Each structure stands twice: as structure tokens, then as C-alpha cells.
Amino acid sequence: MTDYEKIDFSSILALAGDEVVTHSPVRDIRLPSGKVLALITLDNGRDHTRPNTLGPATLTELGETLSGLKARAGAGEIQAVAITGKQYILAAGADLSDISKVQSKEQAKLIAQLGHKVIGSLSELGVPSFAFVNGLALGGGLEIALNSTYRTVDASAAAVALPEVFLGIIPGWGGAYLLPNLIGIENALEVVISNPLKQNRMLKPQQAFDLGIFDAIFPAANYLENSLAWADAVLGGKKVERKNEPGKLERLTKWPIAIKMARGMLESKIGTVPKSPYAALELLDKAKSGTRAEGFAREDEALSELVTGDQFAASMYAFDLVQKRAKRPVGAPDKALAKKVTKVGIIGAGLMASQFALLFVRKLRVPVLITDIDQARVDKGVAYINDEIGKLEAKGRLDADGANQLRGLIHGTVDKSEYADCEFVIEAVFEEVGVKQQVFGEIEKYIAEDAILATNTSSLSVEEIGAKLAHPERLVGFHFFNPVAVMPLIEIVKTPGTNEHTLSTAFVVAKGLGKNAVLTADAPGFVVNRLLAKVMGEAARAVYEGTPVADVEKAFSPLGLPMGPFQLIDLVGWKVAAHVQDTMVRHFPGRFYANENFHALAELEQVVDKDKGGRVTGWTKAAEKALKGHLGSTPASAETILQRVQDGLTQEIKLMLDEDVVPEVEDIDLCLILGAGWPFIDGGASVYLDREGASERVFDGTFHSPPIRGIAHV
């Protein structure tokens, strides 16, 4: 058993020179029963935009605070300890900037051990401890609650989660041992592994309460008062029921079955390259027996292994891109140049246009106009939007007044003169240059000279789309990703003629929509679709050589993408994919693969068969018939397919940098992470391609100098 009291933590305290310390002041509260509860309030002195984090200096101070309270409890001065946070925040977890500074596996282990020593002492104070989770509680923040004797949560808290697996590590301060022993193995697998792998899904407070993570949930208005009264009742003997706490039968039967099923799911869905999900699975498996001290010691070892590895280094690079670079877009003009947008026009009333309208009206709260070629299409689009608003109301995400307000802001018509007072107009029409030129030409007659025109094209030349405009300087590419409401990226495409007012307005509107914008030049496919076209093209090449489609899907698994290439094609649509491939081949002959037969497949109602998890298992009978006579007899090996796609991606990224499509490789990685779900553990694409040797093979160099590697490999 580890004796945390005897460990010297001075070497990691030295890493905390610029840490924003979260302090732990204490005040005594006399409860109605007369008992005294010592309440710790974690507070880093900043507003809610800078959450409390748990770095070495913070943990050391909290440890001293808890040690003092343990002494007071022993002296009979206090009957309970509670810990809460500043307004809206308990803690957003460990200070990752400090963790990324560790220089050795020994130091990495000290980070884990310091957390166990301090946060673990919440259960060793000699009196009951309560966690009052009044806001955001991620990672170590949630582990503070798990180490406490009892837990309540504010119903309005922003999110509750253990996101570590998403970042290439594991819950290392008690979460991997305590959570399954609190809520059962199946629920713990969801929180620790499944949710992080679903693009870092978080729990709402009610969901966390229903799982059994919290003992009580109270509304925001009187959260602290209710929590104190509840704690007083518990101290007075009130029984706390925990319906999901596992018993002997679950440990003997359900536990091993759940672990086996989870392992099979992981292997089929993400392959075996990502390390953190399997490390977490191992810890959850072993948590079914043994002592808490043994569980903590296992977490210490697992965390030290992962923190020093390549995948965590790549994750920290990706995390930095999303947390910093995405919030300060490179190349964005001064926002003071932006035109104020008080009304938005959307050309088209199909599904994509309707999704745009819903997003604009929800986020900007301004009037939104939609038009189409006839009133029936317009009415269908408006009905879809109203129906979606109704669904949000039914889920409690909008109240009745808010829903009616949004419905009142949507207006559909075939009268294009109503665009006259729109400051921002975006098209969502058929992906063909002539069609887009035509609709913009019609609209330009009505709008003000300084109104902004935006195109959502995914691969066409924005400059060519604007070639017939009287004012092409007001046209900008504004490329969303599907599903529009969920995907966080917008590629803002600048033509040689786009002026600064237009560009600034586009960035300000994107931010207003809650999206992250990346500036790209007007190049075919921009960033994401150019690289996904390379992925899909290499998959198609392998199939037409004669490789079974399921084998091709498996060959791509080391890339770590959320889905295989043909699963992705099936999602975006075979006609869209065929169009994109043709566009890329036309612009870059010899570098991209397309096959005429692809268009025959695109005409089919269903092209591939899929299992219950959505993974492609083979062709439909109709597809097999369409492919007959078009497939070769020289299937490629998985190794060959993977190397071809690695080298192809490397070549395209290098050319994009040479052609100034984006300022730096970081922008390409940011686009892939936000627009294609490229995993953090790859660091986007460039870090992965450097690590796999593709950069050296293709251009005798690396995208990053030195390459981004874990300290175990430096």
C-alpha cells in the first residue's frame, strides 16, 4: 500500500510557477441541529470564464486545509466538512498545463499520487464529508465529489463528466475505482469510456443523479440552503439510498460480461491503437474487488504510463488548439470592421437551409427570411423549423415564450424583394456554380451595396461563384459541416477580392452562432473536404482494385476517425461524395482517385449493409450488381492501404501549406479536429503523420520540429 504521507512532492511543485492557484478558504456554518459544518469554497479569484483547476500548488493548499479540518474534527469542533466552488464552477479538473510539463515517468506518477493524497483525504477526516457540486465538475472536479462521503448537485450545473479518456489518459484521482463501486459497472463504462469517445459527451445534472453519482439534486435558486439542510438531515440519521451500488451478484456475473462486451465494442469501433480506453477498461475491471488503496495504486501506475506517452502529447497539442487557437482565429480582421447583422436571409428552403435558419434564429435572435422557387417548398421549410422548435420546447430547452418568439422571427416567402433589409444573406442551393451564380445575381438586385453574401459551397471556387456579381468583394465562403447544429467548425473562405468588412462580419457572425471559424484560401475542397476526399479516394481505389469493402474499413482504423471511409460516404451521401471526388480529380489530376462507376452506385437507394453499430459489413445486392465487371483482382493489403492514405494526406497537407491555403499546419489540424472529428490522440493529422514516419517518407522532414512525442520517447 502506498503511504502518500511519506512522498516528497517538491519536484512537481517546481512545475507550478505560473499556476493560477485555486484557493480553499473555509467558513463554519452552524446547522439548524446545532452541529457545525466547515464549508470549503474553491475559488481562483477569476470569473466564470476561467474555471477553477487543480494544479500542484492548489492541491497542496487544499491538502493543508483538509489536514487542519481533520484536526478540528478530532477535537470535536466540527461535525462535518463540505466542499463547493465559486459561482457556476466546482472545478474543471487537473491543470493540464502543469501535467504537460512533467519531465519523467516518476514526476507523472507524483501528479497522480498528490491527487490521491489530497482528494482521497476527503474520506479520512473523521467526520462525514459532503460535496456540494454547484456547477461545472469535470475530471478531478468530479473526483472531489466521488471521494466525499455524500454528494449533492445543482440542477443548473453546466456539465458533469470524466473526460480523461478523450484526452488520452484515465480518471487518475479515484474515479476509475470509486465510480463503478458507486453506480455499477455498466453505468461506469458509459461515463468513463463511452461518453468521452462520443466526441467528449458530458452529463447533465439530472442524468448524473439518475445514474446514482449524486445522492440529491436541488434547483439553483436555493441550492446551497437545500444542500445544507439535507446534510443536516443526513447527520441526524437520514438514510441515503443508493439503488445502483453494485452487490455481490453484479460483481460475480454482470461485471465480467460487461467488461467483455465493452472490449469487443472498442476493438470493433476504434481498433486497438488508442491506449487510454483500454487502460480505463482494465482499471474498471479490477475495481470489482480489492481495496480502495489498491485501486488508487493501480491508477497511479496507469496515469504515469499514459502521461509520458505519445498519445497524451498529441492530445495536449490538440487541446491547446481547441482552447486557444480556435478562440483567436488567425487572419481574422478587427471585429470593429464588422457590419451589424439585424436580419438574415437564406436562399433555399430545403433541409440544409432550414437547419441554417434554425441555427441563426436560435443563436442570433434576429429575423430570418427563407425563400425558394415556390411557396410549397417555402411552407415545407418553415414547417420543419417550427417542428424543430417544438421539439426543443418539449425537451425543456426552450420555454413556451421563447419558442413562440423564435417562431415569430422566421418568415418564408417567394418575394425576393424582402431581402432588401438583410445584412447577411447565405445560399444553400444545389452544388453547381451556375445555379449559385444565378441565385446571387437575382438577390443582388435587392440587397444594400454593403450587405454580405455568403456561400456554403463545400468544394466549388468561391471566386468563380462571385464572378458575375456587381460587388464580388462582399462575397465570402461560409462552409458549415453536418449536422449543422452540432459540428463546431465553419471554414471561412477568402477570395482574392473579399474585403475586410466582409471577412470581419463573417467571423463575428460565426462567433455569434457559437462556432469556431478558421480562415482558408479559395482552394478546391478548402481544408476538410480536400483531405477527406483523399481518404475516401484511397478507400475507393482499394475497393476497385478488388479489396473487400469491410477489409478496407478495417485498414483505416489506425487513423482513429469516428467512422470508416465508406460509413462516412454513406452519411454524407453517395452523390455528394461522387461530386466531391470528381471536383478534386478535375483540379488535381493524378493526385486524387475517382471512378465513373461511383456514380452508378450513387443512384442506388442503399449501397452498403451495416451492422447495428452502423459499421459497414459489405455491399447490398444492388451494389454488387452495379460493381460487377468494374472490380479488379489484385486486393491491397491493410498495410499498403494505410501507407497510401498516410502518404497521400502528408503530400496534400504539405502542398496546402506551400500554397498558403492556411497560415500554418496548426490550422489544418484544428479544421480536422473540429470539422471531421479527428481524434485528440492523433493531434489532428500532422502529429500522427510525423509519428508514423509518413512526413519523412514524403518530404524528408516533419511538420513539427522537433516532432511532438511523449517524454518516454524523447
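Up top you'll find the structure we're talking about.
Below you will find a few notes about this structure. (Residues numbered from 1 in each chain as written. Predicted model: local features only at pLDDT ≥ 70, side-chain atom pairs only at ≥ 80, totals over all residues. Heavy atoms only, no water.)

Moving on, we get to the side chain of His704. Turning to its location among the elements, His704 is positioned in the segment after α29 (694–699). A distance of 2.7 Å separates a polar atom in the side chain of His704 from a polar atom in the side chain of Ser686. Residues in contact with His704, not counting those within four places in the same chain, are Tyr317, Val665, Glu666, Asp669, Ser686, Val687 and Asp690. (Helix = DSSP H or I, 4+ residues; strand = E, 2+ residues; numbered from the N terminus. Polar contact = N/O pair within 3.5 Å; in protein donor to acceptor, adjacent residues only side chain to side chain. Contact = heavy atoms within 4.5 Å.)

With that out of the way, let us pick up the environment of Trp574. Positionally, Trp574 belongs in helix α23 (residues 574–587). With a relative accessible area of 6%, Trp574 lands in the buried category. Distance from Trp574 to Ile447, taken between C-alpha atoms, is 36 Å for residues 127 residues apart in sequence. Other than its neighbours up to four places away in sequence, Trp574 contacts Phe566, Ile569, Phe598, Leu601, Ala602, Val607, Val608 and Trp619. Within polar-contact distance, the side chain of Trp574 engages the side chain of Asp570 at 2.7 Å. (Buried < 20%, exposed > 50% of the residue type's maximum accessible area, 1.4 Å probe, protein only.)

So, on to the pairing of strand β5 (residues 129–133). Extensive coverage of β5 is indicated by the burial of five of its five residues. Neither face of β5 is open: one carries Ser129, Ala131 and Val133, the other Phe130 and Phe132, and all of them are buried. In this structure, strand β3 (residues 80–85) lies alongside β5, joined through three bridges in parallel fashion. Its bridge partner lying in β5, Ala82 is registered against Phe130. For β5 and strand β7 (residues 150–154), the ladder comprises four bridges, and the chain directions are parallel. By the bridge assignment, Phe130 is partnered in β7 with Tyr150. (Pairing = 2+ DSSP bridges.)

Looking now at the packing of aromatic side chains. Tallied over the entire structure, the rule returns 17 aromatic pairs. Every member of this aromatic cluster is reached through a ring pair, and the members are Phe356, Phe360, Phe424, Phe478 and Phe480. Between the NZ or CZ atom of Lys534 and the centre of the ring of Phe592, over which it lies, the distance is 4.7 Å. Against the face of Phe699 rests Lys654, its NZ or CZ located 5.4 Å from the ring centre. (Phe/Tyr/Trp six-rings, centres within 6.5 Å; stacked < 30°, edge-to-face > 60°. Lys NZ or Arg CZ within 6 Å of the ring centre and 35° of its normal.)

Attention now goes to the pattern of salt bridges. Inspection of every chain in the model, using the stated rule, returns 37 salt bridges. The closest approach of N and O atoms between Lys6 and Asp3, which form a salt bridge, is 3.9 Å. Its relative accessible area of 72% is what places Lys6 among the exposed residues. Asp450 is paired through a salt bridge with Lys339; the nearest N and O atoms lie 3.0 Å apart. Residue Asp450 is found in the loop between α17 (433–444) and β14 (452–455), and its partner Lys339 is found in the loop between α13 (310–323) and β10 (344–347); the two are separated by 111 residues along the sequence. Given the relative accessible area of 26%, Lys339 is considered partly exposed. Each of Lys534, Glu538, Arg541, Glu545 and Arg644 takes part in one network of salt bridges that share partners. (Salt bridge = Lys/Arg side-chain N within 4 Å of Asp/Glu carboxyl O.)

The next subject is helix α9 (residues 223–235). Over its 13 residues, α9 runs 18 Å from end to end, which matches the ideal 18 Å to within 8%, given 1.5 Å per residue. Following α9 by one or two positions, Gly237 adopts a phi angle in the positive range, close to 115°. (Expected span 1.5 Å × (residues − 1).)

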